[in-house]
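One letter stands for each residue in the lines below.
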Amino acid sequence: MSYAAIFCLLLLLSATSVVGTVDGNDSTTECVSQEELASVKAEMERRVDQLHSQLHYRQNVTVGILKDHCSSTNTGGAVETGDTVFMSTVFNITQNDADIIAYLEKVNQTINERLDSLEDSINSNDNKAGSFLNPAHNCSHILHQHPQATSGHYWVQSSPGYVVKMFCDMERVCGCDEGRGEGGGWVRVANINMTRPNENCPAGFRKVTDSGKTMCGGQSSRCISTTFSSQGLLYSRVCGKIIGYQFGRTNGLLQYISDNTVSIDTSFVDGIVLTHGSPRAHIWTFVAGHDQISTINEDCPCNSNSFSGTLPPYIGNDYFCDSAHTVNNQPPLSYLTNDPLWDGAGCVSGSCCTFNSPPWFCKNLSAPTTDAIELRICLNDGIDDEDVLFEIVELYVQ
Ligand SMILES: [Ca+2]
Ligand SMILES: [Ca+2]
């Protein structure tokens, strides 16, 4: 390989992010295999050594030695000291090609800066679990090996032979665990926060701004879906929260209560449904009840003992239910941004919007899986009549 080609390759290596941070709704998944990693590392180290020795040589070798070298490899033209001599030697070009030499010098400098940076990065993290060169099985593994590890981005092994950088929460993020020894080590797989500037909704979801709130809403009379990959990580627990808003006259679980043949695959609820796998396995449902205080079947099931509906067996008790309406009449057709859904706050007397202690849910799955988590907003009427919107989605697996 020619020096020019090596320099080009080095530039490419140092200028390109070979791996990406995967987080939340970032659909860009860039992985690199262990073999590729080891190969890149070995090549980096070899070239760092090579480049450093070349630079050392360039800086210290005497003009006499260079003259000898050039006279045997070049056309025997006059040589000068320093960089020009080095470049004319290495690239077999004449020192008169000043522009080329200046350009190559610039390239050379850029490569060195980036190699130094890479070298620092490699050396500083070499032996820690969850580092670039020592990826962990999962976040819990890191916490087990380093009980004082703090929350942040770590390298974990995803599908066999591949690693990916993910956010590990080392605290009891969802409050699912009693103590740090047992808790922590959750991998964040979804992180949408519409209060951040320029945050986008997943494809297909309506981006709505009203009363200073930016939200992601559904579509008329159906479920719309997005998925969050586990990056191949095996998990058996899911926790997280969704903070949402209500528009108009949502009807809770009325669709299922009216027709108990309605399956998990259709709009059995006005709300948000989390599932995994195919066929869908239920994780958690976020029900948007009609209002907080009436006792009809379109309100939250826990609002009153007089609730007469049968809940979908596929959701069991794994749900939150909330409404932003606090009066028992026809709510206005507007966005109710003054009272977020599923936050466990703003609950009026008689309401059960604290059922299951929102905002954080914790779910133990029946079996470990690597499935992506699917989020659907489901509505059974038009968005001129009702909508369910989310502002924040945070999901973790362990
Ligand atoms: Ca409805
Ligand atoms: Ca609330």
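The rules behind the values
Residues numbered from 1 in each chain as written. Chains lettered and ligands numbered in written order. Predicted model: local features only at pLDDT ≥ 70, side-chain atom pairs only at ≥ 80, totals over all residues. Helix = DSSP H or I, 4+ residues; strand = E, 2+ residues; numbered from the N terminus. Buried ≥ 20, exposed ≤ 12 C-beta atoms within 10 Å, placed from the backbone. Core = buried A, V, L, I, M, F, W, Y, C linked by C-beta atoms within 7 Å. Contact = placed C-beta atoms within 7 Å. pLDDT = per-residue confidence, 0-100. Pairing = 2+ DSSP bridges. Axes fitted to C-alpha atoms, helices over the stretch in contact; angles between N-to-C directions.

Participant: Hey, could you go over the overall build of the protein chain for me, with residue numbers and the actual values?
Facilitator: The helix and strand tally for the protein chain stands at 7 helices and 15 strands. The buried share of the protein chain, reckoned over its 398 residues, is 35%.

Participant: I'd like a rundown of the nonpolar core, residues and numbers included.
Facilitator: Ranked by internal contacts, the top residues of the largest apolar core, which has 75 residues, are Val156, Val187, Val287, Ile373, Phe390 and Tyr396. Among the elements that take part in this core, strand β15 (residues 386–397) stands out by supplying 8 residues, more than any other. Beyond its immediate stretch of four places on either side in the chain, Val187 contacts Asn138, Cys139, Val156, Met166, Cys168, Leu233, Tyr396, Val397 and Gln398.

Participant: Account for the confidence of the model for the protein chain, naming residues and giving values.
Facilitator: Taken as a whole, the protein chain shows an average pLDDT of 79; of its residues, 70% reach a score of 70 or greater. Long-range and interchain partners of residues 59–82, a stretch whose pLDDT sits below 50, account for 21 contacts in this model, where long-range means more than four residues apart.

Participant: Residues and numbers for the pairing of strand β8 (residues 235–248), please.
Facilitator: Counting buried residues in β8 gives 12 out of 14 residues, a clear majority hidden from the surface. As judged from the 5 bridges shared by β8 and strand β13 (residues 361–369), these two strands associate in the antiparallel manner. Bridge pairing links Arg237 to Asn364 in β13. In the sheet, β8 pairs with β15 via 11 bridges, with the strands oriented antiparallel. Each residue of the ladder has a partner; that of Lys241, found in β15, is Glu394. Sheet topology places β8 next to strand β12 (residues 335–341); 3 bridges connect them, and they run antiparallel. Paired with Phe247 across the two strands is Tyr335, which belongs to β12.

Participant: Got a sec to walk through the sheet that holds strand β9 (residues 271–276)? Specific residues and values, please.
Facilitator: Taken together, 5 strands build an open sheet; the order of strands is β7-β14-β9-β10-β11 and the sheet is mixed. Two strands bound the open sheet, and with one partner strand each, they are β7 (223–228) and β11 (319–322). Within this sheet the neighbouring strands show an average axis-to-axis angle of 15 degrees, counted without direction. Pairing between β9 and strand β10 (residues 281–288): 6 bridges, direction antiparallel. Within β10, the position partnered with His276 by the bridge is Ala281.

Participant: If you had to explain unusual backbone geometry to someone new, which residues and values would you point to?
Facilitator: In this chain, Ser278 is followed by Pro279 through a cis amide linkage whose omega measures 0 degrees. Counting through the fold element by element, Pro279 comes out in the loop between β9 and β10. Cis geometry is adopted by the peptide bond preceding Pro359, which originates at Pro358 and carries an omega value of 15 degrees. Of note, the phi angle at Ser211 is positive, near 50 degrees, even though the residue is not glycine. Position of Ser211 among the secondary structure elements: in the loop between β5 (206–210) and β6 (213–217). With 10 C-beta atoms packed within 10 Å, Ser211 lands in the exposed category.

Participant: Break down the environment of Thr326 for me, citing the residues and quoting the values.
Facilitator: Looking at the secondary structure, you find Thr326 in the loop between β11 and β12. Using a count of 17 C-beta atoms within 10 Å as the deciding quantity, one classes Thr326 as partly exposed. In this structure, the C-alpha to C-alpha distance between Thr326 and Val348, residues 22 residues apart in sequence, is 6.9 Å. Sequence-distant contacts of Thr326, that is, excluding residues within four places in its chain, are made with Asp291, Gln292, Ile293 and Val348.

Participant: Any chance you could break down the environment of Leu341 for me, citing the residues and the numbers?
Facilitator: With respect to the helices, strands and loops of the structure, Leu341 is situated in strand β12. For Leu341, a count of 30 C-beta atoms within 10 Å translates into the label buried. Between the alpha carbons of Leu341 and Phe286 there is a distance of 8.6 Å; along the sequence they are 55 residues apart. Not counting residues within four places of it along the chain, the set of residues in contact with Leu341 comprises Gly244, Tyr245, Gln246, Phe286, Ala288, Asp322 and Ala324.

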